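Secondary and tertiary structure notes
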Amino acid sequence: MSNRRRGILFVHGADEWYGSDVVLYDIIRALDGTEFDPYVVVPDDVVSELPESVRLSGRMRALGVPVMSLPLAVLRRKYMTPTGMVSVVRRLRRSVGAVIENVPTGAISLVHTHTSTVLTGAGVAMQLNVPHVWHVSEIVERPAFVRHAIARKIARSSNRVVAVSNAVADHLASSAPVIRDKCDVIYNALDPAPYESADGSDVRSRLGIPGLVVGMVGRVGMQKGQEVLLAAAPAILSAHPGTTFLLVGGVLDKRAEGVRALQDMSLRLGVTANVRLMGFEENIAGIIAAMDVVLQPSTRPESFGMTVLEAMAAGKPVVGAALGGVVETVRDGETGLLVPPSDPGALARAVNRLLSDQELRARMGAAGRARVRAEFGLDMFRESYLRVYRELLART
């Protein structure tokens, strides 16, 4: 292997501290001690409730990784209309120029675009004439013309595609079959140690929770299914009075209307006293440790579902909607239970089954923890990405 230093430019469509941000952080940490030097570009129009030190950019700077906030062409949800897409495409040339002007282009050997809706990275790779990896961690279903346009753009503009699950790979290939010839499926991973050692007693004490806890982690307004959990709550409380429901996660673009809608729904259902809307929490390991059952009740297909891995690493059974990548992470009947999406009755029955059987919860939790150790560890994750980078650069 050559001793030459190789720079990888990571172009990311967000600057927060949610699933895709954590995954990118782990990829960049995996480069430590290798021949690769990371450079990171994040969008300069981020609207977040999180302080800079907590967001991806702050954590990168703490590692000594160069980070630039620049205007990027990102196809956000509000632009997923014909006129919106035209607006993003018009910004593309300016965003590519801004990156070229601000990054040390002579040091860049490869561009890694992180998430499917970031268009700038492909243009930068073309300008620099370097290989381009497009990392896809979303399943964009609607509108259909956006779904097809994204997949075809990825197929045309990447040397290699990394999908975070088979569900994502299949989704892309349904619009652009040629993607199969250049696609690697690399599951997300985590270090299980913080989850295995976390103690939820501090969280329970802080919140004053004495009994059973059912919880979920997911940003409000992102089809994570908080409303499905609330709709299931009366049936769960009927079987297990006193259960507390923890809904953890911030809002999108500081929009609070989603939280108000959940508060109103809790009031209508008469479950307000049992529901805790907690907002963003940095100590996710401690939060999950305080839960008896962890839910992933998404109403749209999850590309992967990092919460599932976190819950399994913590030894907690998971009840998940049988959609997307969750079907690949939750082994139904072994590490948790899968239920039809958007079905509060099925969700309540699955949760009640677990709350009624402590031994079953323990058995599924142990199986999940063992699976994380065996199949979702950071060593395998690290080697998979290094293989992709080295194979591409060996051709240049």
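These notes cover the structure that comes with them. (Residues numbered from 1 in each chain as written. Predicted model: local features only at pLDDT ≥ 70, side-chain atom pairs only at ≥ 80, totals over all residues. Heavy atoms only, no water.)

**Remarks on the overall build of the chain**
Each helix and strand counted, the chain has 16 helices and 13 strands in total. For the chain, the C-alpha radius of gyration of 21 Å lies close to 21 Å, the compact-globule estimate for 396 residues. Projected onto its principal axes, the C-alpha positions of the chain cover 65 × 45 × 40 Å. Among the 396 residues that make up the chain, the fraction classed as buried is 58%. Charged side chains in the chain number 45 positive and 40 negative. The centres of these two groups are separated by 5 Å. (Helix = DSSP H or I, 4+ residues; strand = E, 2+ residues; numbered from the N terminus. Rg over C-alpha atoms; globule rule 2.2 N^0.38 Å. Buried < 20%, exposed > 50% of the residue type's maximum accessible area, 1.4 Å probe, protein only. Lys, Arg positive; Asp, Glu negative; His and termini not counted. Charge placed at Lys NZ, Arg CZ, Asp CG, Glu CD.)

**A word on helix α10 (residues 257-269)**
Taking 1.5 Å as the rise per residue, α10 with 13 residues should run 18 Å; its terminal C-alpha atoms sit 18 Å apart, in good agreement. Taken residue by residue, α10 has Leu-262, Met-265 and Ser-266 as its buried positions. Down the axis of α10, the smallest arc covering the buried residues is 100 degrees, so these residues share one side. Turned more than 90 degrees away from the buried face of α10 sit Leu-267 and Arg-268, all of them exposed. Buried residues belonging to α10 abut α9 (226-239), β9 (244-248) and β10 (275-279). After α10 finishes, the residue Gly-270 shows a positive phi value of roughly 75 degrees. (Expected span 1.5 Å × (residues − 1). Arc of directions from axis to C-beta. Contact = heavy atoms within 4.5 Å.)

**Remarks on the pattern of salt bridges**
For the structure shown, the criterion picks out 21 salt bridges. Of the charged contacts, one joins Arg-390 and Glu-35 as a salt bridge, the two residues approaching to 2.9 Å between their closest N and O atoms. You can see Arg-390 sitting in helix α16 (residues 378-394) and its partner Glu-35 sitting in the loop between α1 (19-30) and β2 (36-43), a full 355 residues away along the chain. Accessibility expressed as a relative area gives 10% for Glu-35, which makes it buried. As a salt-bridge pair, Arg-382 and Glu-383 come within 2.9 Å of each other at their nearest N and O atoms. Residue classification places Glu-383 among the partly exposed positions, given a relative accessible area of 43%. Among the charged side chains, a salt-bridge network with shared partners connects Arg-160, Asp-184, Arg-387 and Glu-391. (Salt bridge = Lys/Arg side-chain N within 4 Å of Asp/Glu carboxyl O.)

**A word on unusual backbone geometry**
Residues apart from glycine generally show negative phi values, whereas peptide bonds are mostly found in trans. Here Thr-115, not a glycine, exhibits a phi torsion of approximately 95 degrees, which is positive. Within the element layout of this structure, Thr-115 appears in the loop between β4 (108-114) and α4 (120-128). We classify Thr-115 as buried; its relative accessible area is 5%. Phi at Ser-342 takes a positive value of approximately 55 degrees, unusual for a residue other than glycine. Mapped onto the elements of the fold, Ser-342 is located in the loop between β13 (336-339) and α14 (344-355).

**What to know about the environment of Gly-336**
Mapped onto the elements, Gly-336 comes out in strand β13. Expressed as a C-alpha distance, the spacing of Gly-336 and Leu-295, which sit 41 residues apart in the sequence, is 9.6 Å. Apart from the residues lying within four places of it in its own chain, the contact partners of Gly-336 are Val-318, Val-330, Arg-331 and Met-364.

**Digging into α16**
A rise of 1.5 Å per residue sets the reference length of α16, with its 17 residues, at 24 Å; its end C-alpha atoms lie 24 Å apart and thus fit the reference within 8%. When we look at burial in α16, the residues that qualify are Phe-381, Ser-384, Tyr-385, Leu-386, Val-388, Tyr-389, Leu-392 and Leu-393.

**What to know about the nonpolar core**
Of all hydrophobic cores here, the largest spans 103 residues; its most connected members are Leu-9, Phe-10 and Tyr-389. When neighbours within four sequence positions are excluded, Phe-10 is seen to be in contact with Leu-24, Ile-27, Ile-28, Leu-31, Pro-38, Tyr-39, Val-40, Val-41, His-112 and Tyr-389. Counting 31 residues, the second largest nonpolar core, distinct from the first, contains Ala-232, Leu-247, Ala-346 and Leu-347. (Core = buried A, V, L, I, M, F, W, Y, C linked by side-chain atoms within 4.5 Å.)

**As for the sheet that holds β2**
A sheet is described by the order of its strands in space; here seven strands give the open sequence β3-β2-β1-β4-β5-β6-β7, paired in parallel fashion. Each end of this open sheet is capped by a strand with a single partner; those strands are β3 (67-70) and β7 (183-185). Here the strands of the sheet are splayed against their neighbours by 20 degrees on average, with no regard to which way each runs. Pairing between strand β5 (residues 132-136) and strand β6 (residues 160-163): four bridges, direction parallel. (Pairing = 2+ DSSP bridges. Axes fitted to C-alpha atoms, helices over the stretch in contact; angles between N-to-C directions.)

**Things to note about the packing of α1 against α16**
Between α1 and α16, whose axes approach to 9 Å, the crossing angle comes to 75 degrees. The angle between the axes of α1 and α16 places the two elements in the roughly perpendicular class. For the pair formed by α1 and α16, the contact residues are Val-23, Asp-26, Ile-27, Arg-29 and Ala-30 on the first element and Leu-378, Phe-381, Arg-382, Tyr-385 and Tyr-389 on the second. Grouping the constituent residues of the contact of α1 with α16 by class yields seven nonpolar, no polar and three charged. (Parallel < 35°, antiparallel > 145°, perpendicular 65-115°, else oblique. Nonpolar A, V, L, I, M, F, W, Y, C, P; charged D, E, K, R; others polar.)

Don't take any of this as a statement about function, it's just geometry.
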